[in-house]
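# Examining the three-dimensional arrangement
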Amino acid sequence: MAATPKPASTVVLMDELSRVYLTKRPITMKFMGGFHVFPGGTVESHDTLVQDEYVNCDEALISINLSYYIAAARELFEEVGILLCNSIDGLPALLSKEKAVKYRNHLVKNEIHFIQVLEQEKFYFDPQCLTYFGQIITPEESPIRFDTRFFLAKLPQGQTPEPDQNEIDGAMWIKPEDALTALENQQIKLAPPTILTLRAIIDFKKSGVLKMTVTKEDLMKLFKYL
């Protein structure tokens, strides 16, 4: 019997120069150690929201289940410290470095939930700050399976990524085209989902249409990494 795919979210963070933010997994990690990836992770039970005044959500305006959006925002904050929220006056939310570190540590340890951070700081999360553009489900043959949704987010004004040094061995802003060139020159390692994502962003920059196309061949390449 095939394993049930775990829901997951991945976020492509883009700056005003159309560069994307790639993080490097420590070489010691069993899963894709040494690979450059986008921030992301599994959807947790507390990412499933019933109702909350600090989430500005008209479900008619989002493409998929809200939990994927919340997981994407939470993982982006946990891993690189970028908070996709606004204050009550509509301006991008800003936290002191000390508060951000405290909240991120509590989130990683499951001592607090992302929604509770919003409630404590009176910040508001609008899922529409994340643009959904694709899905990859790991092939049934794999013992480890994910149903991953991919999002694009603009770097909020006044914020700078601060990678979690326990989970990230390095990070960089890079043009998608340059990332693929670095892969060809064997300067970095990229897994098939990251390659497909970079190609989708390149096509978006050319055409204005943001969409990921995944073939059966692409999925079989992914299978080799799991």
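Now for a quick tour of the structure. As the structure is a computational prediction, the values presented were derived from the model and not from experiment. Each chain has its residues counted from 1, running along the sequence as written. Where local features are concerned, this predicted model is filtered to residues with pLDDT of at least 70; where side-chain atom pairs are given and counted, the filter is 80 or more; whole-chain, interface and lining totals use all residues. Think of the side-chain values as coming from all heavy atoms in the structure, minus any hydrogens and water.

## Section: unusual backbone geometry
Convention followed: Strands here are runs of E lasting at least two residues and helices are runs of H or I lasting at least four, both read from the DSSP assignment and numbered beginning at the N terminus. For the exposure calls, accessible area comes from a 1.4 Å probe over protein chains only, and a residue counts as buried if that area is under 20% of its type's maximum, exposed if over 50%, partly exposed in between.
Notably, N110 is not glycine yet its phi reads approximately 60°, a positive angle. Tracing the backbone through its elements, the reader meets N110 in the loop between α2 (97-108) and α3 (114-121). Even without being a glycine, Q186 presents a positive backbone phi close to 60°. For Q186, the position within the fold is in the loop between α4 (176-184) and α5 (192-207). With a relative accessible area of 74%, Q186 lands in the exposed category.

## Thoughts on the side chain of S9
The line we're drawing: Here a polar contact means two N or O atoms within 3.5 Å. Within protein one must be a hydrogen donor candidate and the other an acceptor candidate, and residues neighboring in sequence count only if both atoms are side-chain atoms. The contact criterion used is simple: two residues touch if any of their non-hydrogen atoms lie within 4.5 Å.
Relative to the helices and strands, S9 is located in strand β1 (residues 6-14). At a separation of 2.8 Å, a polar atom in the side chain of S9 contacts the main-chain carbonyl oxygen of Y68. Residues contacting S9, with those up to four places away along its chain left out, are P39, G40, G41, V43, Y68, A71, A72, T148, R149 and F151.

## Points about the nonpolar core
For clarity, the cut-off: Residues grouped as a nonpolar core are buried Ala, Val, Leu, Ile, Met, Phe, Trp, Tyr and Cys residues, joined through side-chain atoms within 4.5 Å.
Ranked by size, the top nonpolar core spans 38 residues in total, and within it Y69, C85, F114, L118, F125 and L130 carry the most contacts. For this core, the secondary-structure elements that each account for two or more residues are β1, α1 (66-80), α2, α3 and β6 (146-154). Take this core: its biggest share by element is 10 residues, from α1. Here C85 is in contact with L91, P92, A93, F114, L118, F123, Y124 and F125, once residues within four sequence places are set aside. Counting 23 residues, the second largest nonpolar core, distinct from the first, contains M14, F38, F133 and F150.

## Regarding α3
Let me state the cut-off plainly: The directions considered for the arc run from the helix axis to the C-beta atoms.
Among all positions of α3, only F114, I115, V117, L118 and E121 are buried. The arc that holds the buried residues of α3, viewed along the axis, is 155°, so those residues lie on one side. For α3, the secondary structure elements touched by its buried residues are α1 and α2. K122, located one to two residues past α3, shows a positive phi value of around 60°.

## A look at the packing of aromatic side chains
Think of a pair of aromatic rings as described by two things: how far the centres are apart, and how the planes are tilted against each other in angle. Spelled out, the test is: Only the six-membered ring of Trp is used, alongside the rings of Phe and Tyr, when aromatic pairs are assigned; centres must lie within 6.5 Å, and planes under 30 degrees apart are stacked while those over 60 apart are edge-to-face, with the rest tilted.
Scanning the model with the defined rule gives 6 aromatic pairs in all. Judged by centre distance (4.9 Å) and plane angle (55°), the rings of Y21 and W173 are tilted. Residue Y21 is found in strand β2 (residues 20-24), and its partner W173 is found in strand β7 (residues 170-174); the two are separated by 152 residues along the sequence. The exposure class of Y21 is buried, given its relative accessible area of 5%. Of the residues examined, W173 reaches a relative accessible area of 23% and is grouped as partly exposed.

## Some points on the packing of α2 against α3
In helix packing, the relevant descriptors are the interaxial angle and the interaxial distance, both defined with respect to the helix axes. Counted only if it meets this: Every axis in this analysis is a line fitted to C-alpha atoms, fitted for helices over the stretch in contact. Angles between the N-to-C directions lie between 0 and 180 degrees. Orientation categories follow fixed angle ranges, with anything under 35 degrees roughly parallel, anything over 145 roughly antiparallel, 65 to 115 roughly perpendicular, and all other angles oblique. Crossing chirality is assigned from the near helix's rotation relative to the far helix, an anticlockwise turn below a right angle marking it left-handed and a clockwise turn marking it right-handed.
Packing of α2 against α3 leaves a shortest axis separation of 10 Å and a crossing angle of 150°. By the angle class used here, α2 and α3 are roughly antiparallel. Relative to α3, the crossing made by α2 is right-handed. In this structure, α2 contributes K99, Y103 and L107 to the contact, and α3 contributes F114, V117, Q120 and E121.

## Here's the deal with α2
Counting along an α-helix, one turn takes 3.6 residues, and residues three or four places apart therefore face a common direction. Selection rule: Each residue after the first adds 1.5 Å to the expected span of a helix.
Under the 1.5 Å per step criterion, the end-to-end length of α2 is 17 Å for 12 residues, consistent within 8% with the ideal 16 Å. By the burial criterion, the buried members of α2 are A100, Y103, R104 and L107. One side of α2 carries all its buried residues, which in axial view fall inside an arc of 100°. Contacts from the buried residues of α2 go to α1 and α3.

## With respect to the environment of P161
Tracing the backbone shows P161 in the loop between β6 and β7. In the structure, P161 is positioned 50 residues away from K211 in sequence and 25 Å away in space, judged by C-alpha atoms. Setting aside its immediate chain neighbours within four residues, P161 contacts L13, Y21, V80, I82, L155 and W173.

## Overview of the environment of E16
Among the structural elements, E16 can be located in the loop between β1 and β2. Residue E16 is classed as exposed on the basis of its relative accessible area of 67%. As for E16 and R149, which are separated by 133 residues in sequence, their C-alpha atoms are 23 Å apart.

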